[in-house]
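# Structure at a glance
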Amino acid sequence: MFILLSVAIAPALALLSYFYLRKEIAKEPSKLLLHTFIYGAILTFPILFIQHVIQQEDVFSSIFIHQVLVTSALEEFFKWLILIIAIYKHVEFDDPYDGILYGASVSLGFATVENILFLLNFGMNQAFLRALLPVSSHALFGVVMGYYIGRAKFTVTKKVKYEIAYALLATFFLHATYNSILIIKDVNLLLMVPFMLFLWVFGLSKVKKAHILSRHKRFEHHEYFLKEESSRS
């Protein structure tokens, strides 16, 4: 059991550590980051319950609607809701890059519990594949969501609602695409490889942009930054 739990949890901790170490201003990990991970983990159970009820009641006859649209919408909506309700106005959310950390954390909390339940039911034969696909994809969905949440937190008032909407819609689209590939028989692995490569490139581009936003916030009142900005204009 200990080995199984270690194998199930390790990919999420590795990915969260990776994105944390990408932060330019190194600090001790905050309790809020741990709390966000726990929120995501707890979130797994109501989501799985709702999905189970929908499946048992045969609410949707179409596999595409159930597996792609409903599953993607439920998971991304609740993760987005946690970030908006519990994290967005928190005092420790004081840097645009923090949005990426909290987004990845809530997603990886969810992915960890989901991974544990899967490995308990089906064994560790697919542990490596799950680390490469579901766990890392959830992390990257969280990175994209967190990037837009971070932009919303530190942008002008008129754009806030659009950035918050992008946070949900962008991740829903990515997650729905991922799930669509999974239900395509025979060629799903061939399609998944380029999609995951795209997802990593896209996610890391958001990390880079979040760094730029963070630098802008840190130095916006510095005299040299003001001179540089005025010279550009």
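Conventions we followed
- Along each chain, residues carry numbers from 1 onward, in the same order as the chain's sequence is written.
- Only residues with pLDDT of at least 70 get local features here, since the model is predicted, and only at 80 or more are side-chain atom pairs given and counted; chain-wide, interface and lining totals rely on the full set of residues.
- Side-chain metrics in this entry use all non-hydrogen atoms of the structure; hydrogen atoms and water are not considered.
- To get an axis, a line is fitted to the C-alpha atoms, and for a helix only the part in contact is used. The angle between two axes follows their N-to-C directions and goes from 0 to 180 degrees.
- Here a helix means four or more residues in a row that DSSP labels H or I, a strand means two or more in a row labelled E, and each is numbered from the N terminus.
- Note on terminology: angles under 35 degrees are roughly parallel, angles over 145 are roughly antiparallel, angles of 65 to 115 are roughly perpendicular, and the others are oblique.
- For any helix crossing, the convention is left-handed if the near helix is rotated counterclockwise from the far helix by under a right angle, and right-handed if that rotation is clockwise.
- In this classification, the charged set is Asp, Glu, Lys and Arg, the nonpolar set is Ala, Val, Leu, Ile, Met, Phe, Trp, Tyr, Cys and Pro, and all remaining amino acids, among them Gly, are polar.
- Polar contact criterion, stated in full: a pair of N or O atoms within 3.5 Å, where within protein one must be able to donate a hydrogen and the other to accept it, and residues adjacent in sequence count only if both atoms are side-chain atoms.
- Computed over the protein atoms alone on a 1 Å grid, cavities are sets of points where a 1.4 Å probe fits but cannot get out and pockets are open sets with protein on both sides within 12 Å along at least five of seven lines; a residue lines them when it has an atom within 4 Å of a point.
- Grid points are joined across faces, edges and corners, and a volume is the space filled by probe spheres set on the points.
- Geometry of aromatic contacts follows a simple scheme: Phe, Tyr and Trp rings, the Trp one being its six-membered ring, pair when their centres are within 6.5 Å, and the pair is stacked under 30 degrees between planes, edge-to-face over 60, tilted otherwise.
- Residue burial is assigned from relative accessible area. The probe radius is 1.4 Å, only protein chains are included, and a residue is buried under 20% of its type maximum, exposed over 50%, and partly exposed in between.
- Whether a charge lies above a ring is judged from NZ of Lys or CZ of Arg, which has to be within 6 Å of the ring centre and within 35 degrees of the ring normal.

### Describing the packing of helix α4 (residues 96-122) against helix α5 (residues 127-153)
Two elements in contact, α4 and α5, have axes whose closest approach is 7 Å; the angle formed by their N-to-C orientations is 150°. Here α5 runs roughly antiparallel to α4, going by the angle between their axes. In the crossing of α4 with α5, the sense of the turn from one axis to the other is right-handed. Split into classes, the residues belonging to the contact of α4 with α5 amount to 13 nonpolar, eight polar and two charged.

### Regarding the side chain of His138
On the secondary structure map, His138 appears in helix α5. In terms of polar contacts, His138 uses its side chain to reach the side chain of Lys79, at 3.1 Å.

### Overview of the layout of surface pockets
Here the idea is plain: a probe the size of a water molecule rolls over the atoms and shows the empty space left. Here the largest pocket defines a volume of roughly 940 Å³. Considering the residues around the largest pocket, the lining is formed by 27 residues, among which Gln67, Glu114, Phe118, Arg130 and Leu182 are closest to the centre. At the level of elements, α2 (31-56), α3 (63-87), α4, α5, α6 (157-182) and α7 (188-219) are the ones that each hand at least two residues to the lining of the largest pocket. Class assignment of the residues belonging to the lining of the largest pocket gives a composition of 12 nonpolar, 12 polar and three charged.

### Focus on the packing of aromatic side chains
Across all of its chains, the model carries 13 aromatic pairs by this definition. Seen in terms of ring centroids, Phe77 and Phe78 are 5.5 Å apart; in terms of plane orientation they differ by 75°. Their pairing is edge-to-face. Here Phe93 and Tyr102 contribute two aromatic rings whose centre-to-centre distance is 5.7 Å and whose plane-to-plane angle is 75°, an arrangement assigned as edge-to-face. Accessibility expressed as a relative area gives 5% for Tyr102, which makes it buried. Ring-pair connections join several aromatic residues into one group, and the members of that group are Phe141, Tyr178, Phe195, Phe198 and Phe202. For the cation-ring pair, Arg130 lies above Phe118, with the distance from its terminal atom to the ring centre recorded as 4.2 Å. Lying across the ring of Tyr88, Lys153 places its NZ or CZ 5.5 Å from the centre.

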